[in-house]
Amino acid sequence: MYGRVGRSSLLSTQCFLGLLVSLPLVLASNVHDVPTLEAYRMFEYDDKGQQLGSRKSAVNMLAVPASSSSEFGRRVVVADLQDLSAVYVEKLFVERSAGGLLAILPKDIDIENPEQRSKWLEVETALAKMRVNAPVYFAFESNQTQNLKRMLEANPGEVQLSATGLVSPTKASNVQGANFQGWLPGRGGGEESSSSRPIIAIVAHYDTLGVAPELAVGLDSNGSGMIALLQLAKLFSKLYSSKRQQGMYDIVFVLTGAGKSEFTGTKYWLEHTDSRLLDRIEFVLCLDSIGYGDKVYIHTSKQKSKDSVPAVAKLWDVLKSTAEDMNIPLEIVRKKVNLSDFSWEHEQFSRKDILAVTVSRHSTHRADIRSSILDRKLDVQALKKNILFVGNVMAKVVYDLKKPLDVFEGSLSLNSAFLEAWAQELAGTPRMMQYLGPDAIKTIEKAGQLLKEYTAEMTRQMFSLGQEKVFYIGTSKAQISVYSVRPLSFDLLMSLLVFTYLVALLVGIQGRVEAQKTIMSLFQGNNKSLTEFRFIGVPESDHGSDV
Amino acid sequence: MTFLYCANCLALTFVPPWILYKYKLIEFAPVALVVQAAFVYAGTQLFQMILMATFVPSADPHEFNVSQECMKAFITLADVLGLHYLFQKRSSMGTAAGIGLSWSATESLFRRLVPLWVEARSLQFSWNHLLTSIEANISIAIHIAFALLVWLWIRKPN
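Residues numbered from 1 in each chain as written. Chains lettered and ligands numbered in written order. Predicted model: local features only at pLDDT ≥ 70, side-chain atom pairs only at ≥ 80, totals over all residues. Heavy atoms only, no water.

Note the following rule: UniProt positions are given in the numbering used here, feature names are shortened, and annotations may be inferred rather than shown by experiment.
Chain B is annotated in an unreviewed UniProt entry as BOS complex subunit TMEM147 from Guillardia theta. One UniProt comment on chain B, placed under Sequence similarities (unreviewed entry), says "Belongs to the TMEM147 family."

Chain A is annotated in an unreviewed UniProt entry as BOS complex subunit NCLN of Guillardia theta. Turning to chain A, the UniProt record has this under Sequence similarities (unreviewed entry): "Belongs to the nicastrin family." Under the UniProt heading Subcellular location (unreviewed entry), the entry covering chain A gives this text: "Endoplasmic reticulum membrane".

Re the UniProt feature "transmembrane region" (unreviewed entry) in chain A
Let me state the cut-off plainly: Helix and strand definitions follow DSSP, with helices as H or I runs of at least four residues and strands as E runs of at least two, each counted in order from the N terminus.
Sequence positions flagged by UniProt for "transmembrane region" (unreviewed entry) are, in local numbering, residues 488-509 of chain A. Helix makes up 100% of residues 488-509 of chain A and strand 0%, whereas the separation of the span's terminal C-alpha atoms amounts to 32 Å.

Details of the UniProt feature "transmembrane region" (unreviewed entry) in chain B
All names here are of chain B. UniProt annotation of "transmembrane region" (unreviewed entry) refers to residues 28-51 and 134-154 when read in the numbering used here. Helix makes up 88% of residues 28-51 and strand 0%, whereas the separation of the span's terminal C-alpha atoms amounts to 33 Å. Note that residues 134-154 is 100% helix and 0% strand, and that its end C-alpha atoms are spaced 31 Å apart.

A short note on unusual backbone geometry
Residue and element names in this part refer to chain A. To keep it simple, the criterion reads: Partly exposed residues are those whose accessible area sits between 20% and 50% of the maximum for their type, while under 20% is buried and over 50% is exposed, using a 1.4 Å probe and protein chains only.
Of note, the bond from serine 221 into asparagine 222 is cis; its omega dihedral lies within 30 degrees of zero at 0°. In this structure, asparagine 222 sits in helix α5 (residues 219-241). Even without being a glycine, serine 289 presents a positive backbone phi close to 55°. Take serine 289: it is sitting in the loop between β14 (281-287) and β15 (296-300). The buried category is assigned to serine 289, whose relative accessible area is 0%.

Considerations on the pattern of salt bridges
For the record, the criterion: In what follows, salt bridge is the name for a side-chain nitrogen of Lys or Arg lying within 4 Å of a carboxyl oxygen of Asp or Glu.
For the structure shown, the criterion picks out 26 salt bridges over all chains. One salt bridge in this structure joins aspartate 325 of chain A and lysine 396 of chain A, with 3.5 Å as the shortest N-O distance. Placement of aspartate 325 of chain A in helix α8 (residues 310-326) and of lysine 396 of chain A in helix α10 (residues 380-398) is noted, with a sequence separation of 71 residues between them. The residue glutamate 107 of chain B makes a salt bridge to arginine 111 of chain B at a minimum N-O spacing of 3.8 Å. With glutamate 107 of chain B and arginine 111 of chain B both in helix α5 (residues 93-111) and 4 residues apart, this pair spans about one turn of that helix. Judged by its relative accessible area of 48%, arginine 111 of chain B falls in the partly exposed class. Among the ionic contacts, a cluster of salt bridges with common partners joins Arg41, Glu44, Asp46, Arg55 and Lys171 of chain A.

Observations concerning the nonpolar core
Which entries qualify depends on this criterion: Buried Ala, Val, Leu, Ile, Met, Phe, Trp, Tyr and Cys residues that are joined via side-chain atoms within 4.5 Å together make up what is termed a nonpolar core. By definition in these notes, contact holds between two residues if any of their heavy atoms fall within 4.5 Å.
With 73 residues, the main nonpolar core has Ile202, Phe236, Phe253, Phe389 and Met394 of chain A as its most contacted residues. Tallying contributions element by element places α5 of chain A first for this core, with 12 residues. The contacts of phenylalanine 253 of chain A, once residues within four sequence positions are left out, are Phe180, Gln181, Gly182, Leu184, Ile202, Leu229, Leu232, Ala233, Phe236, Met394, Leu451 and Thr455 of chain A. Core analysis: the next-biggest nonpolar cluster, separate from the first, contains 43 residues, Val498 of chain A together with Cys6, Phe14 and Leu25 of chain B among them.

Some words on the sheet that holds strand β12 (residues 199-205) of chain A
Residue and element names in this part refer to chain A. To be explicit about the condition: For two strands to be treated as a pair, DSSP must find no fewer than two bridges joining them. Every angle, taken between N-to-C directions, lies between 0 and 180 degrees, and every axis is a line fitted to C-alpha atoms, over only the stretch in contact when it is a helix.
Taken in spatial order, the 8 strands of this open sheet run β16-β15-β17-β14-β12-β13-β11-β18, and their pairing is mixed. Of all the strands in the sheet, the pair left with one neighbour each is β16 (330-334) and β18 (457-464). Each neighbouring strand pair of the sheet contributes to a mean axis angle of 20°, computed without reference to strand direction. With 3 bridges joining them, β15 and strand β17 (residues 356-360) adopt antiparallel strand pairing. Along β17, the bridge assignment pairs histidine 299 with threonine 358. Across the sheet, helix α6 (residues 264-271) is in contact with β11 (176-184), β13 (250-256), β14 and β18; its angle to β18 comes to roughly 115°. Relative to the sheet, helix α12 (residues 438-454) contacts β11, β13 and β18, its axis offset from that of β11 by approximately 15°.

As for the packing of α5 of chain A against helix α11 (residues 416-427) of chain A
All names here are of chain A. The condition that has to hold: Two helices crossing with the near one rotated counterclockwise from the far one by less than a right angle form a left-handed crossing, whereas a clockwise rotation gives a right-handed crossing. Under the scheme applied, nonpolar residues are Ala, Val, Leu, Ile, Met, Phe, Trp, Tyr, Cys and Pro; charged residues are Asp, Glu, Lys and Arg; polar residues are all the others, including Gly.
It is the contact of α5 with α11, at a shortest axis distance of 10 Å, that shows an interaxial angle of 145°. Where α5 crosses over α11, the handedness of that crossing is right-handed. Across the interface between the two elements, Leu219, Gly223, Met226, Ile227, Leu230, Gln231 and Lys234 from α5 touch Phe418, Leu419, Trp422, Ala423, Leu426 and Ala427 from α11. Looking at the contact of α5 with α11, its residues break down into 10 nonpolar, 2 polar and 1 charged.

Topic: the pairing of strand β20 (residues 477-484) of chain A
Successive side chains on a regular strand alternate, one facing one side of the sheet and the next facing the other. Residue and element names in this part refer to chain A. A large share of β20 lies buried, amounting to 6 of its 8 residues. Pairing geometry for strand β1 (residues 36-41) and β20, over 5 bridges, is antiparallel. Residue pairing for β20: tyrosine 40 is matched across the bridge by lysine 477.

Considerations on the side chain of glutamine 231 of chain A
All names here are of chain A. As for its position among the elements, glutamine 231 is in helix α5. Glutamine 231 sits in the buried class, given a relative accessible area of 2%. Beyond its immediate sequence surroundings of up to four residues, glutamine 231 is in contact with Ile387, Leu414, Asn415, Phe418 and Leu419.

So, in structure tokens, the structure goes:
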């Protein structure tokens with residue numbers, strides 16, 4: 001008898017093991033999928049010691065719709081664009097001390113609806129200058145966000161948002177940037193340092209700015225300038241490749257970093273470039289936001305009184321006549337340089353007394369779209385026209401042309417495919433200087449390599465960004481899970497029901513009087529009842545019944 | 001308060017068998033027998049799994065195949081074999097009920113404990129866990145009834 005039992009229990013042990021192994025399979029099919037949405041965290045930075053931006057990142061809170069009048073404390077407010085305004089945002093965090101904000105933006109917000117756009121820009125600008133002591137996330141409309149809104153509508157107070165796997169933000173000190181400079185020699189060739197020809201410089205910065213670093217792709221500002229610079233380098237490298245077509249000018253293309261940080265890269269380039277080269281610069285064309293629009297604005301810091309200076313007069317004349325020939329409305333915008341706040345790239349050159357202008361579609365430097373996460377598209381046709389304008393201006397100077405502008409035709413005509421490919425690549429690479437990821441660095445290096453290919457000499461300059469503005473780097477793109485939860489009252493009610501059921505069961509088995517005694521003994525000192533059992537001699541009963 | 005929800009579900013699943021055993025069936029079915037019954041249950045289930053894997057090749061649950069369904073039903077009868085083995089030694093009605101209870105408790109242990117522990121503690125609320133726990137209670141009745149039925153059937157010839 002004994003032997004038999006032993007054998008069977010040995011067999012059963014194997015069975016148990018088998019069941020344990022099969023258990024995960026059973027589990028895997030049962031796990032519920034929790035809807036997850038992709039959200040982008042707002043930046044966080046110290047500006048001269050002042051703490052700004054969203055100072056918290058962790059989200060594990062109940063969600064509440066923006067329209068709700070209930071308590072916002074320790075709740076994530078889920079807001080649509082129409083709910084938001086600069087005043088609302090201020091009120092949200094200051095008066096109602098909301099626990100967090102999840103702003104859901106329409107998918108195609110940028111050009112479709114100018115009203116929406118200006119509204120969002122107002123909100124974004126307000127947010128960027130605020131100190132928010134709560135997590136702020138942005139998401140674009142999707143099935144998941146719609147699902148979230150539906151859940152909030154159906155069961156307000158029973159939806160919990162939770163972001164997992166967040167990396168806590170740390171100060172990004174000593175951020176490195178790079179400038180790329182390509183030199184294209186004019187007639188006579190030779191070394192860069194020994195040349196004595198005048199220089200035309202084309203400058204554009206490649207970095208971007210936006211309230212959510214992971215969304216700051218800045219296609220117009222300054223993806224368009226970057227693409228234009230590459231395209232112009234390509235065109236002029238073709239032109240200059242045959243000796244007969246080389247102009248009397250050298251052309252320098254400079255792709256600068258940290259343009260959104262007071263043009264630190266440009267400043268560094270000016271400080272660390274041979275002064276003999278700088279002295280030869282006749283004028284500088286900075287390209288910023290030229291991916292849209294029919295009108296071209298020339299921003300300068302030259303006073304009207306300087307217009308009679310020959311070099312200035314010549315530049316104005318070339319710009320105006322080219323615009324006239326191409327039928328592009330052109331306006332010259334004058335603004336004094338503010339040394340504590342550089343708003344255009346040419347101002348760095350003006351400070352060094354180099355004749356420089358910025359070509360842009362914006363009439364004023366106060367165009368908030370230049371530092372917005374909405375800057376995600378550009379119009380290739382408009383960009384093409386603007387590149388052609390700059391190209392024609394350069395050609396006119398380089399070849400000293402008087403009239404017909406037929407340089408960029410035939411084999412030298414602009415290649416839309418090139419522009420589109422770059423636009424597409426840049427649209428996928430957020431390029432905020434402090435948050436440059438490996439992909440963005442690869443793209444920028446690629447642009448640098450292209451510049452190397454198109455020019456005779458390419459130099460790459462590394463520099464450090466200043467410490468006045470320090471950004472915090474953590475998780476910029478988070479996965480937020482949307483849980484449907486029940487309030488505590490539900491759990492308590494359920495506990496009550498379960499307890500009632502168990503008591504009823506006991507009463508059913510033992511009868512009312514006995515059951516009452518049993519329950520009393522359970523509540524009156526566990527120890528006593530335990531020792532009682534031990535004396536009775538059924539110590540295993542507790543464990544045995546569980547198996 | 002998801003932990004409370006989990007605790008509720010676990011209590012609803014595992015306390016009823018404990019109450020039943022401790023206050024009703026303990027005198028008929030000693031612990032050793034209950035443990036043995038649990039092992040036999042596990043063995044029977046494994047045996048059934050092996051038979052299923054061998055004789056019911058179609059993995060598609062939506063496909064209806066008469067011969068396969070028959071085979072499945074037939075394989076389920078292996079439970080009877082397991083009970084038959086257990087009843088060989090002892091056979092009183094209380095013992096049979098104790099064995100049935102042991103089987104349902106073992107089933108809850110294997111099929112419900114881990115899913116409840118893992119999932120009911122997650123933030124995501126789902127009625128399924130509560131349903132699982134209620135199902136456990138129904139399964140107690142079913143298992144005891146089945147065990148008693150088999151016991152009656154075996155006992156008849158005597």
